[in-house]
Amino acid sequence: MFVEKYRPKKFSDIAGQKSALKELISWMNTWGTDKKACLLYGPPGNGKTTSVYVLADEMNLEIIEMNASDKRNAEAIEKIVGNASQTYSLDGRKRIIVLDEADNIYGSVDKGGVRTLAKIITETKVPIVLIANEHWNVSPSIREKCKMINYPKLRYTSIARVLKDIAKKEGINVSDSQIIDLAKNSEGNLRSAINDLENYREDIDKIGTLRDTKTSIFHAIAEVFKRRSCDVREVFWNMDKSPDEILLWIDENLPKVYEKEDLEGAYKMLSRADIYLARTKRRQQYKLWGYAMDLMSSGVSVARKGNFKFAKFSSPSYFTKLARTKAERTIRKDITQKISKKCHCSTRVAKQYLT
Ligand SMILES: Nc1ncnc2c1ncn2[C@@H]1O[C@H](COP(=O)(O)OP(=O)(O)O)[C@@H](O)[C@H]1O
Ligand SMILES: [Mg+2]
């Protein structure tokens, strides 16, 4: 995955966000004199999570990534926050606690969670970074305890620059105007722009090597369905397809081979794998990938109890559907943007008016 491969390693690799980074660094450098937590907020895919990791790297901090929606985790955070001996890691490095998706966690429903977090921030001996897309979804009692750091939407010119750089390094043959198109299309989300570029590359590759890739994925899913063994986990390891794509292939062909309880069991594995994939992306924890891959290969393979029934496999209808509905999706996007402009709401909210 390009987003992983080209994830910034140093501050200077991060596109835009100059003033946000300056604030973040100065907050960290003067920690203890002012607010004990900071809240990085802004639209997705513009470098919030990345900049915390870069900060930790450059300042040699140990990152403790936690999710406070879960009570056990909240207790674990309190422990780290309250106990001075735990403010340093075993190897003597300083720690920093990161709570990603703070807007989802501390919604208005979970009042107890909000109170706990407010208390944690008041008492903490460890710097805490909260990350959210929309800061007004974070409770005011939390916000007032945080230094607010805005990560504005990236300009398409900044996005284009990053894409061009990656295209050059990867030897992808893409014109400047195509880069600009990709950049504008991403609506400020560099993550999705980079993913688009990668898919675009795969599309070009497919034209050249359609037969090879087809036989290999067909062969791999046949192995999974046929062998009923945990060993099949290896069949996807050397495949040039992303886990998401492999999942779609299995999803498409599973009902042709499996029946009744077997099908139910296999889909359970697949939906688990899907959850892990989503988490991989959201939390950028790439080790979860391995679990997702195991679930969709070995998990699906051993879910079959009945006999193997041969079937003709096909490519995921999702791709053909995407191609077919492109015009419709473009119109939808246009309308959503207009609603959002006139009604002064986010496009996400505007989308709800449409459906
Ligand atoms: N400002 C940026 N400069 C360079 N790459 C970026 C930037 N923002 C996002 N990216 C790319 O997108 C990916 C996801 O970025 P991330 O920091 O997780 O976004 P978010 O703001 O949603 O936390 C990164 O791995 C990186 O490849
Ligand atoms: Mg993030």
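Residues numbered from 1 in each chain as written. Chains lettered and ligands numbered in written order. Predicted model: local features only at pLDDT ≥ 70, side-chain atom pairs only at ≥ 80, totals over all residues. Heavy atoms only, no water.

(A) Up close: the sheet that holds strand 2 (residues 61-66). Read from one edge to the other, the open sheet built from 5 strands follows the order 2-3-4-1-5, with strand pairing classed as parallel. At either end of the open sheet lies a strand with only one pairing partner, and these are strand 2 and strand 5 (146-150). Across the sheet, the axes of successive neighbouring strands diverge by a mean angle of 25°, strand direction being ignored. Pairing between strand 1 (residues 37-41) and strand 5: 5 bridges, direction parallel. The residue bridging Cys38 from the neighbouring strand is Lys147, located in strand 5. (Pairing = 2+ DSSP bridges. Helix = DSSP H or I, 4+ residues; strand = E, 2+ residues; numbered from the N terminus. Axes fitted to C-alpha atoms, helices over the stretch in contact; angles between N-to-C directions.)

(B) View of the nonpolar core. Membership of the largest hydrophobic core comes to 48 residues, with the highest contact counts inside it found for Leu163, Phe225, Phe236, Ile250, Tyr258, Met296 and Val300. Mapped by element, the contributors of at least two residues to this core are helix 1 (2-5), helix 8 (156-170), helix 9 (176-185), helix 10 (190-227), helix 11 (243-257), helix 12 (260-283) and helix 13 (288-302). Looking at this core, the element that brings in the most residues is helix 10, giving 10 residues. By size, the runner-up hydrophobic cluster in this structure holds 22 residues, among which are Ala37, Val81, Ile97 and Ala118. (Core = buried A, V, L, I, M, F, W, Y, C linked by side-chain atoms within 4.5 Å. Buried < 20%, exposed > 50% of the residue type's maximum accessible area, 1.4 Å probe, protein only.)

(C) Structural detail: the site of ligand 1. Residues in close proximity to ligand 1 total 19 residues, the closest being Ala15, Gly45, Lys48, Thr49 and Thr50. Between ligand 1 and Thr50 there is a distance of 2.5 Å, counted from an oxygen atom to a side-chain nitrogen or oxygen. Between ligand 1 and Arg191, the relevant distance is 3.1 Å, taken from an oxygen atom to a side-chain nitrogen or oxygen of the residue. When ligand 1 is considered free in solution it has 550 Å² of accessible area, and contact with the protein chains removes 97% of it. Breaking the shell around ligand 1 down by element, the ones donating at least two residues are helix 3 (48-59) and helix 10. Here the residues of the shell around ligand 1 sort into 9 nonpolar, 6 polar and 4 charged. If you count residues domain by domain, the shell around ligand 1 takes at least three from each of domain 1 (17-150) and domain 2 (158-319). (Near = heavy atom within 4 Å. Polar contact = N/O pair within 3.5 Å; in protein donor to acceptor, adjacent residues only side chain to side chain. Areas by Shrake-Rupley, 256 points an atom, 1.4 Å probe, with all protein chains shown as cover. Nonpolar A, V, L, I, M, F, W, Y, C, P; charged D, E, K, R; others polar. Domains from an automatic or database assignment.)

(D) The arrangement of the pattern of salt bridges in detail. Taken as a whole, this structure holds 14 salt bridges when the rule is applied. Across the pair Asp13 and Lys10 runs a salt bridge whose closest N-O atoms are separated by 3.5 Å. Exposure remark for Asp13: the relative accessible area of 35% places this residue in the partly exposed category. (Salt bridge = Lys/Arg side-chain N within 4 Å of Asp/Glu carboxyl O.)

(E) Unusual backbone geometry, seen in detail. The backbone phi angle of Asn60 is positive, close to 55°, even though this residue is not glycine. Its location among the elements puts Asn60 in the loop between helix 3 and strand 2. The phi torsion at His344 lies on the positive side, around 50°, for a residue other than glycine.

(F) Representation of helix 3 within the structure. Between its first and last C-alpha, helix 3 extends 17 Å over 12 residues, near the 16 Å set by a 1.5 Å rise per residue. Those residues of helix 3 hidden inside the fold are in contact with helix 2 (18-29), strand 1, strand 2, strand 3 (94-99) and strand 4 (128-132). Backbone geometry just downstream of helix 3 places Asn60 in the positive-phi region, at approximately 55°. (Expected span 1.5 Å × (residues − 1). Contact = heavy atoms within 4.5 Å.)

(G) Quick look at the pairing of strand 4. The buried fraction of strand 4 is high, at 5 of 5 residues. Sheet topology note: the strand 3/strand 4 ladder contains 3 bridges and is parallel. Note that in strand 4 the partner of Val98 across the bridge is Val129.

(H) Expanded view of the confidence of the model for the protein chain. Taken over all residues, the pLDDT of the protein chain has a mean of 85, while the share at 70 or more is 90%. Under a pLDDT of 50 for its full length, residues 207-214 has, in the predicted model, 2 contacts with residues more than four places off or in other chains. (pLDDT = per-residue confidence, 0-100.)

(I) Spatial organisation of the packing of aromatic side chains. Per the stated rule, a full pass over the model turns up 4 aromatic pairs. Aromatic pair Phe2 and Tyr6: ring centres 5.9 Å apart, planes at 80°, arrangement edge-to-face. Judged by relative accessible area, Phe2 falls into the buried class, the value being 3%. Exposure remark for Tyr6: the relative accessible area of 21% places this residue in the partly exposed category. With a centroid separation of 5.3 Å and 85° between ring planes, the pair formed by Phe218 and Trp249 is classed as edge-to-face. (Phe/Tyr/Trp six-rings, centres within 6.5 Å; stacked < 30°, edge-to-face > 60°.)

(J) Focus on the state of the cysteines. Enumeration according to the criterion identifies 0 disulfides in this entry. A disulfide-free cysteine, Cys38 has its sulfur positioned 7.3 Å from the sulfur of Cys146, the nearest such atom. In this structure Cys345 is not part of a disulfide, and its nearest cysteine sulfur, from Cys343, lies 5.2 Å away. (Disulfide = S-S within 2.5 Å.)

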